[in-house]
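Each chain, written out:
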Amino acid sequence: DKSGNVYEDRNFNIVSLLDGYLDASNDKSVVEEMEYSPTDNVNRATLRLRSGVVGSVERIELFTNSREYEQGNNDDFYAAESFRQVNLGYSAQGYGRSAVTNYDYTCVWNYTRQQDDANKASGSLVVAAYLQSNDAERFTARAGSSVPQVNNLLQASTAPCVVYQTSFKMTKMDRLN
């Protein structure tokens, strides 16, 4: 904005990410509609997907559970958010049965403004995904056994099961509207 603050365009970013990950084709977004209003509820986004794009998932509810940010030196900024994603769709078990799947993950972003051009920045994103507690129990059994090990349950349900990182570059653009 005019005072130099930077705001995320969450609607654009989430739709762009899904289109990129789910390989949108024919110039048609995989997201039919996205409801998100930072003034009404900054912690919730609802996405309605094109039919058949992600199996039987018709809608995604995305809840932000926590946020943190920190200013490093003058050119570094860090942000972290924890999410719960709820996928809603139709069950393969018959008419009138819904399918609900929950996912928890944390995203940590690092942004660094370029020394030679204040309109450019580079960054990285680290994503950690976690098991749901009912799924974590299955991962505590020792090899060759189907009996869960209670002493391993806390670690299985609180430690990330998948971590990945990506890097990116950004350039300031003039507003389109």
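Residues numbered from 1 in each chain as written. Predicted model: local features only at pLDDT ≥ 70, side-chain atom pairs only at ≥ 80, totals over all residues. Heavy atoms only, no water.

**Structural notes on the overall build of the chain**
Working step 1: Across its full length, the chain holds 3 helices and 7 strands.
Working step 2: Put simply, the chain runs from its N terminus to its C terminus through helices and strands in the order α-β-β-β-β-β-β-α-α-β.
Working step 3: Counting only contacts in the chain whose residues sit at least 6 apart along the sequence, the fraction spanning at least 24 positions is 42%.
Working step 4: Of the roughly 12900 Å² of accessible surface on the chain, a fraction of 50% belongs to carbon and sulfur atoms. (Helix = DSSP H or I, 4+ residues; strand = E, 2+ residues; numbered from the N terminus. Contact = heavy atoms within 4.5 Å. Areas by Shrake-Rupley, 256 points an atom, 1.4 Å probe, with all protein chains shown as cover.)

**A few points about the layout of surface pockets**
Working step 1: By volume, the second largest pocket is sized at about 180 Å³.
Working step 2: Surrounding the second largest pocket, Thr101, Asn102, Tyr103, Asp104, Tyr105, Ala129, Tyr130, Leu131, Gln132, Asn134 and Asp135 form its lining.
Working step 3: If you list the elements that add at least two residues to the lining of the second largest pocket, you get strand E5 (98–113), strand E6 (120–130) and helix H2 (133–136). (1 Å grid on protein atoms, 1.4 Å probe; cavity = no way out; pocket = protein on both sides within 12 Å on 5 of 7 lines; lining within 4 Å. Points joined across faces, edges and corners; volume = space filled by probe spheres on them.)

**Some thoughts on a nonpolar patch on the surface**
Working step 1: Together, Leu17, Tyr21, Leu22, Val162 and Tyr164 line one region of the surface with nonpolar side chains, adding up to about 480 Å² of accessible area.
Working step 2: Listing elements by their share of the nonpolar patch, those giving two or more residues are helix H1 (10–21) and strand E7 (162–171).
Working step 3: Position of Tyr164 among the secondary structure elements: in strand E7.
Working step 4: Looking at Tyr164, the relative accessible area reads 39%, which means it is partly exposed. (Patch = residues over 30% accessible without salt bridge, like charges linked within 9 Å, V, L, I, M, F, W, Y side chains within 5 Å. Salt bridge = Lys/Arg side-chain N within 4 Å of Asp/Glu carboxyl O. Buried < 20%, exposed > 50% of the residue type's maximum accessible area, 1.4 Å probe, protein only.)

**Digging into H1**
Working step 1: The end-to-end C-alpha separation of H1 is 16 Å, in line with the 16 Å expected for 12 residues at 1.5 Å each.
Working step 2: On its buried face, H1 is in contact with strand E1 (31–37), strand E2 (41–49), strand E3 (57–71) and strand E4 (76–90). (Expected span 1.5 Å × (residues − 1).)

**As for the side chain of Glu61**
Working step 1: Topologically, Glu61 is positioned in strand E3.
Working step 2: Owing to a relative accessible area of 5%, Glu61 belongs among the buried residues under this scheme.
Working step 3: Side chain to side chain, Glu61 and Arg59 meet in a polar contact 2.9 Å long. (Polar contact = N/O pair within 3.5 Å; in protein donor to acceptor, adjacent residues only side chain to side chain.)

**Thoughts on the pairing of E4**
Working step 1: Inspection of the sheet shows E3 paired to E4 by 13 bridges, in the antiparallel sense. Following the sheet pairing, Leu62 is matched in E4 by Gln85.
Working step 2: From the end of E3 to the start of E4, which pair antiparallel, there are 4 residues.
Working step 3: Examined bridge by bridge, E4 and E5 share 15 bridges and lie antiparallel to one another. Within E5, the residue paired with Tyr78 across the bridge is Asn110. (Pairing = 2+ DSSP bridges.)

**Points about the sheet that holds E2**
Working step 1: Taken together, the 7 strands give an open sheet; going across it, the order is E1-E2-E3-E4-E5-E6-E7, and neighbouring strands pair in antiparallel fashion. Looking at which strands have only one partner, the edges of the open sheet turn out to be E1 and E7. Averaged over neighbouring strand pairs, the angle between their axes works out to 20° when direction is ignored.
Working step 2: Here E6 runs beside E7; their pairing, made up of 10 bridges, is antiparallel. Opposite Ala129, over in E7, you have Val162 as the bridge partner.
Working step 3: Most of the contacts of H1 go to E1, to which it runs at about 150°, and overall it touches E1, E2, E3, E4 and E7. (Axes fitted to C-alpha atoms, helices over the stretch in contact; angles between N-to-C directions.)

**Focus: the packing of aromatic side chains**
Working step 1: Going through the model one piece at a time under the given rule, you end up with 4 aromatic pairs.
Working step 2: Residues Phe77 and Tyr111 carry aromatic rings whose centres are separated by 6.3 Å and whose planes lie at 35° to one another, so their mutual orientation is tilted. Placement of the pair is Phe77 in strand E4 and Tyr111 in strand E5, with a sequence separation of 34 residues.
Working step 3: The class for Phe77 is partly exposed, based on a relative accessible area of 30%.
Working step 4: Here Phe83 and Tyr105 contribute two aromatic rings whose centre-to-centre distance is 5.6 Å and whose plane-to-plane angle is 35°, an arrangement assigned as tilted. Of this pair, Phe83 sits in strand E4 while Tyr105 sits in strand E5, and the two are 22 residues apart along the sequence.
Working step 5: Ring pairs connect the aromatic residues Tyr69, Phe77, Tyr111 and Phe168, which therefore count as one cluster. (Phe/Tyr/Trp six-rings, centres within 6.5 Å; stacked < 30°, edge-to-face > 60°.)

Any functional reading would require information that these geometric values do not contain.
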